[in-house]
Amino acid sequence: MFEFAARLRKLREQAGRPTYRDLARHAHYSIATLSSAAAGRQLPSLAVTLAYVRACGGDEREWELIWRRTADACAGAPAAAATENRHSDDARPPYAGLAAFREADAGVFFGRERLTGALVEHLKERRLLVLFGASGSGKSSVLRAGVLPAFVGVPTLVFTPGPHPLEECANRLAARAGVAPGPVRAELAAESGALHRMVRQILAGRQEGDSATEELLLVVDQFEEVFTLCRDAEERERFVASLVHAAQAPDSRTRVAVAVRSDFYTHCTRSPGLVDALPHAHHPVGPMTVEELRAAIVRPAARARLTVESALLTTLTADAHGRSGALPLLSHALLETWGRRRGNALTLAGYRAAGGFEGALTQTAEAFYRALSDSQRRATRRLFLRLVALGEGTEDTKRRVPRQELDDGPDTALVLEQATRARLLTVDGDHVEIAHEALIRCWTRLGDWLDEDRDQERLLRALTEATALWESLDHDRDILYRGVRLAAVKDLPRQALTAPGTVSWASWPDTPTSSPVWPSPPTAVRR
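Residues numbered from 1 in each chain as written. Predicted model: local features only at pLDDT ≥ 70, side-chain atom pairs only at ≥ 80, totals over all residues. Heavy atoms only, no water.

## Describing the side chain of serine 140
Topologically, serine 140 is positioned in helix H8 (residues 139-150). Since its relative accessible area comes to 16%, serine 140 is described here as buried. Apart from the residues lying within four places of it in its own chain, the contact partners of serine 140 are Ala100, Phe101 and Asp221. (Helix = DSSP H or I, 4+ residues; strand = E, 2+ residues; numbered from the N terminus. Buried < 20%, exposed > 50% of the residue type's maximum accessible area, 1.4 Å probe, protein only. Contact = heavy atoms within 4.5 Å.)

## Quick notes on the packing of aromatic side chains
For the structure on display, the rule yields 13 aromatic pairs. Each ring, one from tryptophan 443 and one from tryptophan 449, has its centre 5.6 Å from the other, and the planes form 65°; the classification is edge-to-face. Using a relative accessible area of 1% as the deciding quantity, one classes tryptophan 443 as buried. The structure contains a cluster of three or more aromatic residues connected by ring pairs, namely Phe159, Phe223, Phe227, Phe239 and Phe264. (Phe/Tyr/Trp six-rings, centres within 6.5 Å; stacked < 30°, edge-to-face > 60°.)

## A look at empty space enclosed by the protein
Under the definition given, this model contains 4 cavities of 30 Å³ or more. Space inside the second largest cavity adds up to approximately 40 Å³. Around the second largest cavity sit Leu128, Val130, Phe223, Val240, Leu243, Val244, Val258 and Leu274, which together line it. With 3 residues, helix H13 (residues 233-248) is the largest single contributor of residues to the lining of the second largest cavity. A class-by-class count of the residues in the lining of the second largest cavity yields 8 nonpolar, no polar and no charged. (1 Å grid on protein atoms, 1.4 Å probe; cavity = no way out; pocket = protein on both sides within 12 Å on 5 of 7 lines; lining within 4 Å. Points joined across faces, edges and corners; volume = space filled by probe spheres on them. Nonpolar A, V, L, I, M, F, W, Y, C, P; charged D, E, K, R; others polar.)

## A few points about the pairing of strand E3 (residues 216-220)
Of all 5 residues making up E3, 5 are buried, and the element is well covered by its neighbours. Residue alternation in E3 divides its side chains into two sets, Leu216, Leu218 and Val220 and Leu217 and Val219, and both sets are buried. Two elements, strand E2 (residues 156-159) and E3, share 4 bridges in a ladder whose sense is parallel. Counterpart to threonine 156 in the pairing with E3 is leucine 217. (Pairing = 2+ DSSP bridges.)

Written out as structure tokens, the structure is:
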């Protein structure tokens, strides 16, 4: 292994000693992953090795043979072969990967029993819970697979706010009540007490059970979307006020649990409807202890009659302990290690072949990307950029997008299928989203795309929203861009304005950028 690392370092020397920052930009792996590959502490994965070699201009075929010989020497030939050849059986994996645990996964959700108990007691005593935690701390999972199953027999509503939280809430309430969503949306928008009143009506209409004691548990996941996606401040405040009132009314029959990223705490304090409730409602989600991490690793495997090699358990807990946002990376690395298991054993060799703690996710994303044609790669870039909400003073977040916003060409359809199969995207009904924000942080290629297109993407998003508003107001000329805003979007490349999946102007008048208005309203077209 040390000889292997020395040869990697020599290859870098021969390439003119590029900095690891330069190597990361070309290899699409993090600086830490690449520098660790040449440190000699452990054998890097094959994908990391080839990316390192490619960035240094080396011969990939030669280095693949070198890597395999080294892997055979380190782990024994049979073990190395097993770790590199993924299982193709249809067995259900004991780990969720990037996806959050669901209520149906409660039987394999381990390590958060103490936190789950505290949250259940909080909801029983105070009725309103605002759960704060870093991205990747497990907020969604503990609510869905921990808290929800604890309220046996209690009807639930679980949703994410999206760009129109009142509409989303109305759709769920209407489905529960068996009525049309339009009037429900109008009532929610009219007054903050409407949600409380509707919940009581729904519960009173239930046939089974004692309606006098029944309650509804309402869970709003990814609550930060009310700040990142909802552009209507009035709708945002009405939604927040409705939730708080439903939970705090004297005759409340609603318990409300909200999960929000901790970097949006300040946004919550600026919300008049939420700031007064926060002191008694908020609860933090911290990192898991070593014992909790062990339980999360070992007990799902034991339920599936698998064993976890002691060296792997030690490495995983060391890699994950004390790290903010580590849980999706841990779960994905375990899923990939499970795919490379040897018999019924999850091994350290399999973990390293999968790419290790951070490398496993990058390796999965890069393997998905490398298998695409050039046109499919361009479609991948367009798609993933649309699935990210650009941060304003916060980290970028994932964005849930209706399927009709995406073009329906064959390239996009194939990319969606392949990315979903690789568990990088999730498709829920008519919506598509990135499986977890950890992908935004760890996939260097996606980070590069975002950095390159950030300003242009903001202009396009604003133009899309302005177009929708212009259409909804019957092509009101007062909505048309003027002055600086007009000049900014007229400088956008024409191919960006006509890219599939964007809303753009079909005609672009050749007027000076200082013109106060367009001479005639253009036609908005969804490409």
